[in-house]
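The primary structure of each chain is shown beneath.
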Amino acid sequence: MDDYIIRVSNLKKSYGQADSRVDVLKGVDCNIKRGSICTLLGPSGSGKSTFLNILGGIESFEEGSLLVDGLELNNLSKKGLLQYRRDKLGFVFQFYNLVSNLTLKENIEVGAYLSKQALELDDLIDKLGLKDHQNKFPNQLSGGQQQRTAIARAISKRPDILLCDEPTGALDYSTAKDVLAMIQKINQEYGSTIIIATHNTAIASMSHEVLSLHDGTILEHRINNTIADASSLVW
Ligand code: ADP
Ligand code: MG
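Residues numbered from 1 in each chain as written. Chains lettered and ligands numbered in written order. Predicted model: local features only at pLDDT ≥ 70, side-chain atom pairs only at ≥ 80, totals over all residues. Heavy atoms only, no water.

*Asks:* With reference to specific residues and values, describe the site of ligand 1.
*Replies:* In the vicinity of ligand 1, the contacting residues are Tyr15, Val24, Pro43, Ser44, Gly45, Ser46, Gly47, Lys48, Ser49 and Thr50. Ser46 is positioned such that a nitrogen or oxygen atom in its backbone is 3.2 Å from an oxygen atom of ligand 1. In the environment of ligand 1, an oxygen atom lies 3.1 Å from a nitrogen or oxygen atom belonging to the backbone of Gly47. The fraction of the free accessible surface of ligand 1 (570 Å²) that becomes covered by protein chains is 56%. Along the lines of polarity and charge, the residues of the shell around ligand 1 split into three nonpolar, six polar and one charged. (Near = heavy atom within 4 Å. Polar contact = N/O pair within 3.5 Å; in protein donor to acceptor, adjacent residues only side chain to side chain. Areas by Shrake-Rupley, 256 points an atom, 1.4 Å probe, with all protein chains shown as cover. Nonpolar A, V, L, I, M, F, W, Y, C, P; charged D, E, K, R; others polar.)

*Asks:* Any details on the sheet that holds strand β7 (residues 161-165)? Residues and values, ideally.
*Replies:* Spatially, six strands are ordered β6-β7-β8-β3-β9-β10 in an open sheet, and the strand pairing comes out mixed. Each of the sheet's edge strands pairs with one partner strand only, and the pair in question is β6 (89-92) and β10 (217-223). Strand-to-strand twist of the sheet, defined as the mean angle between neighbouring strand axes without regard to direction, takes the value 15°. Bridging between strand β3 (residues 37-41) and strand β9 (residues 209-214) involves four bridges; their strand directions are parallel. Across the sheet, the residue bridging to Thr39 is Val210, located in β9. Helix-sheet contacts for helix α6 (residues 173-190) involve β3, β7 and β8 (193-198), and the interaxial angle to β8 is about 155°. (Pairing = 2+ DSSP bridges. Helix = DSSP H or I, 4+ residues; strand = E, 2+ residues; numbered from the N terminus. Axes fitted to C-alpha atoms, helices over the stretch in contact; angles between N-to-C directions. Contact = heavy atoms within 4.5 Å.)

*Asks:* I'd like a rundown of the sheet that holds strand β2 (residues 22-33), residues and numbers included.
*Replies:* Taking strand neighbours across the sheet as the criterion, the four strands line up as β2-β1-β4-β5 in an open arrangement whose pairing is antiparallel. Since the sheet does not close on itself, it has two edges, and those belong to β2 and β5 (71-72), each with one partner.

*Asks:* Could you give an account of the packing of aromatic side chains, naming the residues involved and the relevant values?
*Replies:* Evaluated as defined, the whole model comprises two aromatic pairs. Judged by centre distance (5.4 Å) and plane angle (0°), the rings of Phe91 and Phe93 are stacked. Given the relative accessible area of 17%, Phe91 is considered buried. Classification of Phe93 by relative accessible area gives partly exposed; the value is 28%. Look at Tyr173 and Trp235: their rings are 4.8 Å apart centre to centre, the planes differ by 70°, and that puts the pair in the edge-to-face class. Placement of Tyr173 in helix α6 and of Trp235 in the segment after β10 is noted, with a sequence separation of 62 residues between them. You can call Trp235 partly exposed: its relative accessible area is 41%. (Phe/Tyr/Trp six-rings, centres within 6.5 Å; stacked < 30°, edge-to-face > 60°. Buried < 20%, exposed > 50% of the residue type's maximum accessible area, 1.4 Å probe, protein only.)

Next up, the structure:
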């Protein structure tokens, strides 16, 4: 099996046409190791979300190649992309995106639905410290509890890759650290490859790899030899 779950070469993406054209990704090259936590660092507007959405098969790209487990995303049909997203990916967003009229547990069940390899949900809910709240609705949960639920939903179908776009962007300091600890635990327990887009440089030290994105290109790809515990991060 390929050590690199993701192989990106000369990937280019722009929005708009002619005078209003904006080049967002200007030739991104990188390989991401299977099973790593990879932080995608960059200031606002540098193209982090665009890159994550392309990895997630939500947005297309014009040039270059993107291989995920040997699958060239640019060659997939609509149906192929749908299946790719369903089978291989979990998504976590800044603002949780829970279904408001479903309980915590039901939200997680939605994630596992259609999966052939779903995790045992009671066990997952217990492991992630959500059991006491499982019958509550999102508006009865704190921001941190909602994000933990969203992460549990994303991981419930046991995806190979978990894509997190500013997962702690809406949370206070100590809740953010709890959520990062949960992400780290998932990486260790389930071996998922996790990509975190953020402008918080502290998250880099709990990551195996750090990609610094600047103005649509990767300035640096750092490999960390020592990995910090999420609970020890300071910012
Ligand atoms: P980041 O997540 O790092 O803040 P984004 O990927 O959201 O950056 O955006 C990168 C650039 O692409 C920004 O200049 C943004 O305005 C532009 N952009 C993003 N999405 C669109 C879109 N749908 N149409 C036009 N421009 C877009
Ligand atoms: Mg963004």
